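# Understanding the architecture of this molecule
Read off the chains here:
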Amino acid sequence: MSKHSSRERPDVIAAQKVLAEVWPGGARKSSVELLKALHVLTRDGGLNLDSRRKLKQVLHLVQLLRPSLDALLAERPDAILADLGTGKSYLGFLLYDLVVGPAGHGSLVGVDVRAELVERAQALAQKCGFDRLSFVAGEIVNIALPGGRADMVTALHACDTATDDAIRFALRHQAKVVALIPCCQAEVASLLEGAKPAPIDQLWRHPMHRREFGAHATNVLRGLVLEAHGYKVRVTEFTGLEHSLKNELILATRHQQANPLARRKLDQLVEQLGVRPGLLDVLDAAA
């Protein structure tokens, strides 16, 4: 064996150095190759400022989701995680590389409406040997996984009502854990603009306040919908505001089939607001 054959390539060494501060446990060579294929790392193992910021966000989210995913994988070896609106699939690939893959069991399915992104992601999964990671092309609202089950559902920055579609998907597939990071919540603000005067309508009289209040009210309603379906909901920041203004994580774990008190609170809030967003159809379906 030559003295060079046991040495890592310069690009791998460079990548491991730049990742030392952010990658949990130190980056393996396979992880370096994955990040290069995802265009997070450059060919020579570099990491620019924008990519570093993006990687830190996703890695932090992985760590927030890890306890729930570890518990699921320990509870049922055939646990299925569905990542919705995957885009370039940063979250799905890192969850697999850091959690699902090393666990040796369980599977992850990525769903996105753009067929070209799904094909690209599937090819990368095969190249990386991620045999329990697959991708499906289609609209979230129409997708049904084989067996109708998904134990955990994630949706990172699903825009406007796509987050609601993720909730519908989670309920349809009887998910035990739901993790949502909403983005661009516009539906409720639009409804408030044309709503009849309500007891608290001064909270959204000005357009800027209506956008902000509408986004806040949207996520409050989403949390109550999940609670009404028996989930225990925790809302927290997944990253600092200096990285992203869309930094709200809604993490829900199901403990029972329904919560009548949460349903009453939800009904009271809807009555006070004077608007009824489309997501509430899941309550009508369950009635």
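Bear in mind the structure is a predicted one, so any value in this text is a computation, not a measurement.

## Side note on the overall build of the protein chain
Per the secondary structure count, the protein chain includes 10 helices and seven strands. The C-alpha radius of gyration of the protein chain comes to 21 Å, within 12% of the 19 Å expected for a compact globule of 287 residues. Taken over the C-alpha atoms alone, the protein chain extends approximately 80 × 40 × 30 Å along its principal axes. Split into buried and exposed, the 287 residues of the protein chain put 48% on the buried side. Put simply, 75% of the contacts in the protein chain that link residues at least 6 apart link residues at least 24 apart. On the protein chain, roughly 14300 Å² of surface is accessible, and the fraction owed to carbon and sulfur atoms is 54%. Across the protein chain, the centroid of the 36 positively charged side chains sits 5 Å from that of the 32 negatively charged ones.

## With respect to the nonpolar core
If you look at the biggest cluster of nonpolar residues, it comprises 47 residues, and the most contacted ones within it are Leu19, Trp23, Leu55, Phe93 and Leu94. If you look at the next biggest cluster of nonpolar residues, it comprises 45 residues, including Ala150, Leu171, Ala228 and Leu283.

## Some details on helix H5 (residues 115-128)
Here H5 is 14 residues long and its end C-alpha atoms lie 20 Å apart, about the 20 Å a rise of 1.5 Å per residue gives. Along H5, the residues classified as buried are Leu117, Val118, Ala121, Leu124 and Ala125. The arc that holds the buried residues of H5, viewed along the axis, is 130°, so those residues lie on one side. Structural note: H5 exposes Glu119, Arg120, Gln126 and Lys127 on the side pointing more than 90 degrees away from its buried face. In this structure, the buried residues of H5 make contact with helix H2 (29-37), helix H4 (90-103), strand E2 (107-112) and strand E3 (133-137).

## Quick notes on the packing of aromatic side chains
Tallying each qualifying case throughout the model produces four aromatic pairs. Plain terms: the ring middles of Phe93 and Phe130 are 6.3 Å apart, the flat faces sit at 45° to each other, and that makes the pair tilted. Residue Phe93 is found in helix H4, and its partner Phe130 is found in the loop between H5 and E3; the two are separated by 37 residues along the sequence. A relative accessible area of 12% places Phe130 in the buried class.

## As for the pattern of salt bridges
A side chain of one charge can pair with a side chain of the opposite charge when the charged atoms of the two come close. This model, assessed by the stated rule, comprises 18 salt bridges. Linking Arg114 and Asp112 is a salt bridge whose minimum nitrogen-to-oxygen distance equals 3.0 Å. Owing to a relative accessible area of 38%, Arg114 belongs among the partly exposed residues under this scheme. Each member of the salt-bridge network shares a partner with another, and the members are Arg9, Asp11, Glu33 and Lys36.

## Topic: the UniProt feature "domain: Methyltransferase" (unreviewed entry) in the protein chain
With numbering matched to this structure, UniProt assigns "domain: Methyltransferase" (unreviewed entry) to residues 53-189. For residues 53-189, helix accounts for 47% and strand for 23%, while the C-alpha atoms at its two ends are 30 Å apart.

## A look at the side chain of Asp83
With respect to the helices, strands and loops of the structure, Asp83 is situated in strand E1 (residues 80-84). Engagement of the side chain of Asp83 in a polar contact is seen with the side chain of Thr154, the distance being 2.8 Å. If we ignore the near neighbours within four places in the chain, the residues touching Asp83 are Leu91, Gly92, Leu108, Val109, Gly110, Val111, Thr154 and Ala155.

## Here's the deal with unusual backbone geometry
It is generally the case that most residues other than glycine have a negative phi and that most peptide bonds are trans. Positive phi, normally seen in glycine, also occurs at Ser89, with a value near 70°. Within the secondary structure, Ser89 sits in the loop between E1 and H4. We classify Ser89 as buried; its relative accessible area is 1%. Positioned with a positive phi, Gln174 is a non-glycine residue whose angle comes to about 55°. Looking at the element boundaries, Gln174 is found in the loop between helix H6 (162-172) and strand E5 (177-183).

## Thoughts on the sheet that holds E1
Picture the strands of a sheet paired through backbone hydrogen bonds; they go either parallel or antiparallel. Taking strand neighbours across the sheet as the criterion, the seven strands line up as E3-E2-E1-E4-E5-E7-E6 in an open arrangement whose pairing is mixed. If you trace the sheet from one side to the other, it starts and ends with E3 and strand E6 (231-237), each paired once. Sheet twist, expressed as the mean angle between neighbouring strand axes with direction ignored, is 15°. Bridge count between E2 and E3: five bridges; the pairing is parallel. Paired with Val109 across the bridge in E3 is Ser134. In the packing of helix H3 (residues 49-75) onto the sheet, contacts are made with E1, strand E4 (152-159), E5, E6 and strand E7 (248-254), and the angle to E4 comes to roughly 155°. Most of the contacts of H6 go to E4, to which it runs at about 170°, and overall it touches E1, E4, E5, E6 and E7.

Each value, and the rule that gives it
- Residues numbered from 1 in each chain as written.
- Predicted model: local features only at pLDDT ≥ 70, side-chain atom pairs only at ≥ 80, totals over all residues.
- Heavy atoms only, no water.
- Helix = DSSP H or I, 4+ residues; strand = E, 2+ residues; numbered from the N terminus.
- Rg over C-alpha atoms; globule rule 2.2 N^0.38 Å.
- Buried < 20%, exposed > 50% of the residue type's maximum accessible area, 1.4 Å probe, protein only.
- Contact = heavy atoms within 4.5 Å.
- Areas by Shrake-Rupley, 256 points an atom, 1.4 Å probe, with all protein chains shown as cover.
- Lys, Arg positive; Asp, Glu negative; His and termini not counted.
- Charge placed at Lys NZ, Arg CZ, Asp CG, Glu CD.
- Core = buried A, V, L, I, M, F, W, Y, C linked by side-chain atoms within 4.5 Å.
- Expected span 1.5 Å × (residues − 1).
- Arc of directions from axis to C-beta.
- Phe/Tyr/Trp six-rings, centres within 6.5 Å; stacked < 30°, edge-to-face > 60°.
- Salt bridge = Lys/Arg side-chain N within 4 Å of Asp/Glu carboxyl O.
- UniProt positions renumbered as here; feature names shortened; annotations may be inferred.
- Polar contact = N/O pair within 3.5 Å; in protein donor to acceptor, adjacent residues only side chain to side chain.
- Pairing = 2+ DSSP bridges.
- Axes fitted to C-alpha atoms, helices over the stretch in contact; angles between N-to-C directions.

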